[in-house]
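# Secondary and tertiary structure notes
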Amino acid sequence: RGPARRVGLYLEARTDPNAPVDGLTPLMWGARDNRDKNVLSALIDAGADVNAQDPEGRTALMYAVKNPAAVQTLMNAGARADLFDKNGRSALEYAEESGVKIDELGGLKAAVENHRARADYENRLGAQKAESEKKIAELTRQLEKERTVHQVTKDAARQAEEEAQAAAEHAAAEKAELTKQIE
């Protein structure tokens, strides 16, 4: 109870639970160095940001990978397994590098795999959307081209009709003139 009680007193003094100390938030320090999940719970209850990142992009979840109880506490509080540090490593990679049995880390592996599957799905969906937009643009160009051809054909038909009408009127006028001359 010692560390948890000290953290409680620290927080009662209205200290910001997200204020970094030597680059890490209290939650990161607690995740890294503490085996008492009550310390993490006290910080989380006080408003510690479970997804805050240190200057290198690491989160409390990345620091907690050697402690299955801490991982579970953080994940239950909404820690995102899909965040990456500046080197592109997730909490799962940190766990693998530290030799931890991944199966002991609760839903960490499943959360990362879910994120990867979702990202892959979103990438495929984005590619399909881009392909569909490309097809729509091509069909739109084709439609505009056909509309132009249709309009040109329609204008040519109207002009031919007007010319035929004028020719018919001219022929009728000539016929009337010839008929008048014959009589």
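A brief report on the enclosed structure follows. (Residues numbered from 1 in each chain as written. Predicted model: local features only at pLDDT ≥ 70, side-chain atom pairs only at ≥ 80, totals over all residues. Heavy atoms only, no water.)

### A closer look at the overall build of the chain
Where we set the bar: Helix and strand definitions here come from DSSP, where helices need a minimum of 4 consecutive H or I residues and strands a minimum of 2 consecutive E residues; each element is numbered from the N-terminal end. A radius of gyration in this sense is built from C-alpha atoms; the matching globule rule multiplies 2.2 Å by the number of residues raised to 0.38. When a residue's accessible area, from a 1.4 Å probe over protein chains only, is under 20% of the maximum for its type it is buried; when over 50% it is exposed; and in between it is partly exposed. Contacts are residue-level and defined by heavy atoms, with any inter-residue pair within 4.5 Å sufficient.
If you tally the helices and strands in the chain, you get 7 helices and 0 strands. Counted from the first residue to the last, the chain has its helices and strands arranged as α-α-α-α-α-α-α. In terms of overall dimensions, the chain is more spread out than a globule: its C-alpha atoms have a radius of gyration of 38 Å, far above the 16 Å expected for 183 residues. With respect to the principal axes defined by its C-alpha atoms, the chain has extents near 135 × 40 × 25 Å. In the chain, which comprises 183 residues, the share counted as buried stands at 29%. Sequence separation of 24 or more characterises 61% of the internal contacts of the chain that already satisfy a separation of 6 or more.

### A word on the pattern of salt bridges
Definition in use: Should a side-chain nitrogen of Lys or Arg be within 4 Å of a carboxyl oxygen of Asp or Glu, the pair is scored as a salt bridge.
This model, assessed by the stated rule, comprises 10 salt bridges. Between Asp-54 and Arg-58 there is a salt bridge; the shortest N-O distance is 2.9 Å. Two residues, Arg-124 and Asp-120, come together in a salt bridge whose shortest N-O distance is 2.4 Å. With Arg-124 and Asp-120 both in helix α7 (residues 108-182), this residue pair falls 4 residues apart, about one helical turn. In this structure Arg-124 comes out as partly exposed when scored by relative accessible area, which is 44%.

### Some remarks on the packing of aromatic side chains
To keep it simple, the criterion reads: Aromatic pairing here means that ring centres of Phe, Tyr or Trp (its six-membered ring) are within 6.5 Å. Orientation follows from the plane angle: under 30 degrees is stacked, over 60 is edge-to-face, and everything else is tilted. As a reminder, the over-ring test applies to NZ of lysine and CZ of arginine, requiring each to be within 6 Å of the ring centre and within 35 degrees of the ring normal.
With the rule as written, the count across this model stands at 0 aromatic pairs. The ring of Tyr-94 carries Arg-89 above its face, with NZ or CZ at 4.2 Å from the centroid.

### Digging into helix α3 (residues 37-45)
Which entries qualify depends on this criterion: Throughout, the arc means the angular range of directions from the helix axis out to the C-beta atoms.
For α3, the complete set of buried residues consists of Val-39, Leu-40, Leu-43 and Ile-44. Down the axis of α3, the smallest arc covering the buried residues is 130°, so these residues share one side. Immediately downstream of α3, the backbone of Gly-47 shows phi near 105°, a positive value.

All quantities given are derived from atomic positions and should not be read as evidence of function.
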